[in-house]
Amino acid sequence: MTTRSYLVLHGWQNRRPEDHWQHWLADRLTALGHRVTYPQLPDPDDPDLEVWLGELARHLEELDDSGDRVVVAHSLSAVLWLHAAARGMKEQRHADRVLLVAPPSGSVLVRYPEVAGFAPPALDFVLPGRTRLVAGDDDPYCPEGADRLFGAPLGIPSDVVPGAAHLDLDAGYGSWPAVLDWCLAGSAPLTARPEQ
């Protein structure tokens, strides 16, 4: 088995609850012998884009270089990744694969002063590394549709999951075997969690 390094990044107001699929994923990957970094980003209720960009750069720099380096970013951190890429991030070599999960739209972010500064940049850049997008077809934080808003303009493959909303705990995403499969295989489709 190839050992990989994973960086798992959470979204707004997320304090990494144990029941969330990201915690579940980090635990499973660690149990399989992979190196996993799942940091608590500063001030999750009132985040600062520049601070989070600095944290992203630091955590990427600390990932092991001996195997694949994979980033899994949910919600606000998916948009964080877009900001870093738009700025021509020097960390391009640091991510072999990236999964953007349920990025929120600018039309939603600007309604909240705490995260208005995270509104997505112009999508006139090329994403570093192999990138995939997954989102619910009914995400209240991206009513325009993530595939249309992000996937098509950036030319990245997208999985649209029916009835998955924001792919968070409120939508029932505690365990999510499909995201683990993608992390391990790199090409597995991102599908809904099995019915509980």
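Right above here is the structure, for reference.
Predicted, not measured: the structure shown is a model, and the values here were computed from it.

Caption draft 1: A look at the packing of aromatic side chains. Counted by the stated rule, this structure contains 4 aromatic pairs. Arranged with centres 5.2 Å apart and planes meeting at 80°, the rings of Tyr173 and Trp176 form a pair that is edge-to-face. Comparing Tyr173 with Trp176 shows no difference in burial state: the two are buried. The rings of Trp21, Tyr173 and Trp176 are connected pair by pair, giving a single aromatic cluster. A cation over an aromatic ring shows up here: Arg97 above the ring of Trp182, its NZ or CZ 4.5 Å from the ring centre.

Caption draft 2: Structural view of the nonpolar core. In terms of nonpolar packing, the biggest core is built from 36 residues, with Leu56, Val71, Trp81, Leu100, Phe118 and Leu127 touching the most fellow members. Elements with a contribution of two residues or more to this core: β1 (5-9), α2 (49-62), β3 (69-74), α3 (76-86), β4 (97-101), β5 (130-136) and α5 (146-154). Broken down by element, the residue count for this core peaks at 8 residues, all from α3. With near-sequence residues (within four places) excluded, Leu127 lies in contact with Trp81, Leu82, Ala85, Leu154 and Ile156. Listed in part, the 24 residues of the second largest apolar core include Val70, Val101, Val161 and Trp176.

Caption draft 3: Molecular detail of the environment of Thr37. With respect to the helices and strands, Thr37 occurs in strand β2 (residues 35-37). Residue classification places Thr37 among the partly exposed residues on the basis of a relative accessible area of 27%. Taking C-alpha positions, Thr37 is 7.8 Å from His59, a pair spaced 22 residues apart along the chain. If sequence neighbours within four positions are ignored, Thr37 has contacts with Tyr6, Leu7, Val8, His59 and Leu63.

Caption draft 4: Expanded view of the sheet that holds β1. The strand order β2-β1-β3-β4-β5-β6 describes an open sheet built from 6 strands, whose pairing is parallel. Pairing within the sheet leaves two strands with one partner each, and these edge strands are β2 and β6 (158-161). Each strand of the sheet is rotated relative to its neighbour by a mean of 15°, with strand direction disregarded. On the sheet, α3 packs against β1, β3 and β4 and is oriented at approximately 125° with respect to β3.

Caption draft 5: Region of interest: helix α6 (residues 177-185). Among the residues of α6, those classed as buried are Ala178, Val179, Leu180, Trp182 and Cys183. Backbone geometry just downstream of α6 places Gly186 in the positive-phi region, at approximately 85°.

Caption draft 6: Just the side chain of Glu55, in detail. Relative to the helices and strands, Glu55 resides in helix α2. The class for Glu55 is buried, based on a relative accessible area of 17%.

Caption draft 7: How the structure looks around the pairing of β3. Of all 6 residues in β3, 6 are buried, a share of seventy percent or more. Side chains Arg69, Val71 and Ala73 of β3 all project onto a buried face; the interleaved residues Val70, Val72 and His74 project onto the opposite face, where all are buried too. Sheet topology note: the β1/β3 ladder contains 5 bridges and is parallel. The residue bridging Tyr6 from the neighbouring strand is Val70, located in β3. Note: β3 against β4, 5 bridges, orientation parallel. Following the sheet pairing, Val72 is matched in β4 by Leu99.

Definitions and cut-offs
- Residues numbered from 1 in each chain as written.
- Predicted model: local features only at pLDDT ≥ 70, side-chain atom pairs only at ≥ 80, totals over all residues.
- Heavy atoms only, no water.
- Phe/Tyr/Trp six-rings, centres within 6.5 Å; stacked < 30°, edge-to-face > 60°.
- Buried < 20%, exposed > 50% of the residue type's maximum accessible area, 1.4 Å probe, protein only.
- Lys NZ or Arg CZ within 6 Å of the ring centre and 35° of its normal.
- Core = buried A, V, L, I, M, F, W, Y, C linked by side-chain atoms within 4.5 Å.
- Helix = DSSP H or I, 4+ residues; strand = E, 2+ residues; numbered from the N terminus.
- Contact = heavy atoms within 4.5 Å.
- Pairing = 2+ DSSP bridges.
- Axes fitted to C-alpha atoms, helices over the stretch in contact; angles between N-to-C directions.

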